[in-house]
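Here is how the chains run, residue by residue.
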Amino acid sequence: MKKENKVTNKDLDKYVADELKESSKEREVHLFDGKNVAISISNSSEIENLGFSLAHQKNLITEITRFLIIHGSNLIYGGDLRQNGYTRLFSNLVYQYRPSKEAGKIFFQNYFSFPIYLNLKTTDVLEFRKNGVLPIKVQPPANLDIDESKFYPPEGNDNLFIWSESLTKMREEMQSNTDARIFTGGGMSNFKGKYPGLLEESILALKNDTPVYFMGIFGGLTSRIIEALKGNKPQELTIEWQSSQNKIYKEFVSHYNSKKSEDKIDYKSNLEFLNNYTLDRLSKNNGLSVEENKRLFSTVHTSEIIFLIMKGLNKTLSK
């Protein structure tokens, strides 16, 4: 019987240690030079029940981000302007870890949808550019026929429709500029778009057969997408569950679908798509074996997560 070639903790620690050693010498390998890697992340409400904290999530994404920057990739994120949000975190990480010889290069593109980008201040833009960040303002769909200089608060069905259509347009443009995407965490309810953000981004990425990496360590919506890819039917990906969590959303779905002739809110079709996508197809696209993807779904070891993502990206993005 052939002996199974397993990756040990010693292998993983050595891999990461060697990478850090090289980066400390500023010997950039640039495996992913010119490639755009999107990160889909938001806070998971069940993270503490899994024995972690938001600090653990930020520490892990910090390590992943550092490796991506070291190897020359451009980060992609669609986020808001909260003081302690991920937009600010990624901006600071790019400033801290970008190669010293490339201080003028853009390493991070942050997409802002309408009307969120109306809250961008001149000081925000200057700070982002200093850090090597390019803020991208995605205009709302032209058919909305709205005042693009006005901020529409996410209140009431009409305004929520504007937000949903604008967020979808932003995510579509972001996806068109993405070479690979990493998922972790994710809120499951009380969102501002037509679907939870990570669900909509995962459907867009998978339909385009983009290399995608799902880390289930922090639970949240990412773990439900993983379950759906395994052929299960998590309740959080159903309209019944979403409606039970937010009565306003239940009313909004009816309003939204009444205004759309196509691309209606349809959880059933999304779940069927994920169920039928198969782990074989995921593996073919992301450079990892089915068993390696399953390990990425479940492992709680930072070194192993980084090892697997870097292995997959190296197979799919490096030339």
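So, how was this worked out
Residues numbered from 1 in each chain as written. Predicted model: local features only at pLDDT ≥ 70, side-chain atom pairs only at ≥ 80, totals over all residues. Heavy atoms only, no water. Axes fitted to C-alpha atoms, helices over the stretch in contact; angles between N-to-C directions. Helix = DSSP H or I, 4+ residues; strand = E, 2+ residues; numbered from the N terminus. Contact = heavy atoms within 4.5 Å. Nonpolar A, V, L, I, M, F, W, Y, C, P; charged D, E, K, R; others polar. Salt bridge = Lys/Arg side-chain N within 4 Å of Asp/Glu carboxyl O. Buried < 20%, exposed > 50% of the residue type's maximum accessible area, 1.4 Å probe, protein only. Core = buried A, V, L, I, M, F, W, Y, C linked by side-chain atoms within 4.5 Å. 1 Å grid on protein atoms, 1.4 Å probe; cavity = no way out; pocket = protein on both sides within 12 Å on 5 of 7 lines; lining within 4 Å. Points joined across faces, edges and corners; volume = space filled by probe spheres on them.

Engineer: Can you help me understand the packing of helix α3 (residues 86–97) against helix α4 (residues 122–130) in this one?
Structural biologist: Helix-helix packing is characterised by the crossing angle of the two axes and by the distance between the axes. At a closest axis distance of 9 Å, the pairing of α3 and α4 adopts a crossing angle of 40 degrees. On α4, the residues touching T87, R88, S91 and Y95 of α3 are D124, F128 and K130. Residue composition of the contact of α3 with α4, by class: two nonpolar, two polar and three charged.

Engineer: Please clarify how the pattern of salt bridges should be interpreted in this entry.
Structural biologist: Any two side chains of opposite charge can pair if their charged atoms end up close together. For the structure on display, the rule yields 15 salt bridges. Between E165 and K260 there is a salt bridge whose closest N-O contact spans 2.9 Å. One end of the pair, E165, is in helix α5 (residues 157–176); the other, K260, is in the loop between α9 (247–259) and α10 (267–277), and 95 residues separate them in sequence. Exposure remark for E165: the relative accessible area of 9% places this residue in the buried category. Accessibility expressed as a relative area gives 18% for K260, which makes it buried. Between E291 and K294 there is a salt bridge; the shortest N-O distance is 3.8 Å. On the criterion of helical spacing, the pair formed by E291 and K294 is a turn pair, its members being three residues apart in helix α12 (residues 290–298). The class for K294 is partly exposed, based on a relative accessible area of 36%. Connected via shared salt-bridge partners are R171, R181, E200 and E201.

Engineer: What exactly am I supposed to notice about the nonpolar core here?
Structural biologist: Nonpolar side chains in soluble globular proteins tend to be buried together. Core analysis: the largest hydrophobic core is formed by 89 residues, its most contacted members being I64, F214 and L274. Apart from the residues within four sequence positions on either side, L274 is in contact with L199, I203, L206, I225, A228, L229 and L237.

Engineer: Would you mind going over the layout of surface pockets with me for this structure?
Structural biologist: The gaps of empty space that remain are located by a probe, the size of a water molecule, rolled over the atoms. The volume enclosed by the largest pocket comes to roughly 730 Å³. In terms of lining, the largest pocket is formed by 31 residues, of which the most central are S42, D80, R82, R171 and G197. Elements that contribute at least two residues to the lining of the largest pocket include exactly β1 (36–42), β2 (74–78), α5 and α6 (197–207). Counting residues per element, the lining of the largest pocket draws most heavily on α5, which supplies five residues. Classifying every residue of the lining of the largest pocket gives 14 nonpolar, 11 polar and six charged. In this model, the second largest pocket occupies a volume close to 550 Å³. Of all the secondary structure elements, the ones that give two or more residues to the lining of the second largest pocket are α5, α6, α9 and α10. It is α5 that provides the largest number of residues to the lining of the second largest pocket, a total of five residues. Class assignment for the residues of the lining of the second largest pocket results in eight nonpolar, five polar and 12 charged.

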